[in-house]
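Now for the letters of each chain:
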Amino acid sequence: MLKTNREFLPIISVQGAVSSPVSRAGGGRINPEGYPEYFPGTGGIVYNIKIGDNACKFIGDHLEPCVSSKHTDADKNGAYMLYSCIGNEAVVVSGDAKGAKGFVTGKHGGIDHVMIHFDDETLEKLVIEDKIMVKACGQGMKLADYPEVYLRSLSPALLDKLNIEEKDGKLRVGVAKMAPASIMGSGLGATPSASGDYDITLFDKAITEKYGLMDLRFGDIVAILDADNRFGRTYQTGAVTIGVISHSDCCVPGHGPGVTALMTALNGKIEPFIDEKANLKDMFL
């Protein structure tokens, strides 16, 4: 097991509520060919899309798997977004589903949602504005023997489940897919990298086919090559960022499946390898 400072990490409550889908009048999105598209987007309870499902084939725009949540107060939602980490336990604390447990699967910047997985029985009981408490833990976690590796939104529970090998002073990390930083879009340059996500754009067919990116799944652990997410999100030759697919593809130029950063390092300290089981579904369910 990797040595960490986990024994000193606080476990703190942050709370949101099931968020409603929102749409401006008209509700269309303009695709790269200049035509409007009309289909579901962020927010709500999505009954038939969960971690492990394809993130590119459902008809939608930035679809968020299972349950989307946020706090209506901006400052409190900032804490909810920042402190929630992938793999943290989430508990419904109001409504007919009170007491049901799930876990955090992603964070979506811009709309500022935290995505949470629950089982089907819980989904049928949940309604918009039901409250959800997350036992937040993970921000501030460090690897004792790898100070060059920065951890972001990674819970201790997920760290223990990742396929990580120590070899020659590096961390070899199992990922479902890899993508070059050259196709990263919305969210590029944004800070902090400990909150939200940024998008893999899939408009270049050659790169998309080369890396098999149309097969990306919600909950996939992925590697972004030549990407530095230590503080903001930027291109850096030799850097590698490990993240998780948090939301679906999008028809809008510069957008695509979202990646919430989990760990990042310069100078080859992280070395990804393909592991077909590198998905939150395989790890937690």
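Residues numbered from 1 in each chain as written. Predicted model: local features only at pLDDT ≥ 70, side-chain atom pairs only at ≥ 80, totals over all residues. Heavy atoms only, no water.

Colleague: Give me the lowdown on the overall build of the protein chain, citing residues and values where you can.
Modeller: Helix and strand content of the protein chain: 5 helices and 17 strands. Scaling as 2.2 N^0.38, a compact globule of 285 residues should have a C-alpha radius of gyration of about 19 Å, and the protein chain matches this with 18 Å. Over its C-alpha atoms, taken along the principal directions, the protein chain stretches across nearly 55 × 50 × 30 Å. When the 285 residues of the protein chain are sorted by exposure, 54% land in the buried category. (Helix = DSSP H or I, 4+ residues; strand = E, 2+ residues; numbered from the N terminus. Rg over C-alpha atoms; globule rule 2.2 N^0.38 Å. Buried < 20%, exposed > 50% of the residue type's maximum accessible area, 1.4 Å probe, protein only.)

Colleague: Which residues make up the sheet that holds strand β10 (residues 164–167), and what values do they have?
Modeller: Spatially, the 3 strands line up as an open sheet ordered β10-β11-β17, and their pairing is mixed. Bordering the open sheet on either side are β10 and β17 (270–274), each of which pairs with just one other strand. Recorded for the sheet is a direction-independent mean angle of 30 degrees between the axes of neighbouring strands. With 4 bridges joining them, β10 and strand β11 (residues 170–175) adopt antiparallel strand pairing. Across the sheet, the residue bridging to Lys167 is Lys170, located in β11. (Pairing = 2+ DSSP bridges. Axes fitted to C-alpha atoms, helices over the stretch in contact; angles between N-to-C directions.)

Colleague: Give me the lowdown on the sheet that holds strand β5 (residues 89–92), citing residues and values where you can.
Modeller: Backbone-to-backbone hydrogen bonds pair the strands of a sheet. The strands run either parallel or antiparallel. Pairing is antiparallel in the closed barrel, where 6 strands are placed in the order β1-β4-β7-β6-β5-β8. Going from strand to strand, the sheet's axes swing by 45 degrees on average, the running direction of each strand aside. Sheet analysis places strand β1 (residues 12–18) next to strand β8 (residues 131–136), joined by 6 bridges and oriented antiparallel. Paired with Ile12 across the two strands is Ala136, which belongs to β8. The strands that helix α1 (residues 74–83) touches are β1, β4 (67–70), β6 (101–108), β7 (113–117) and β8; relative to β1, the one it contacts most, it runs at about 110 degrees. (Contact = heavy atoms within 4.5 Å.)

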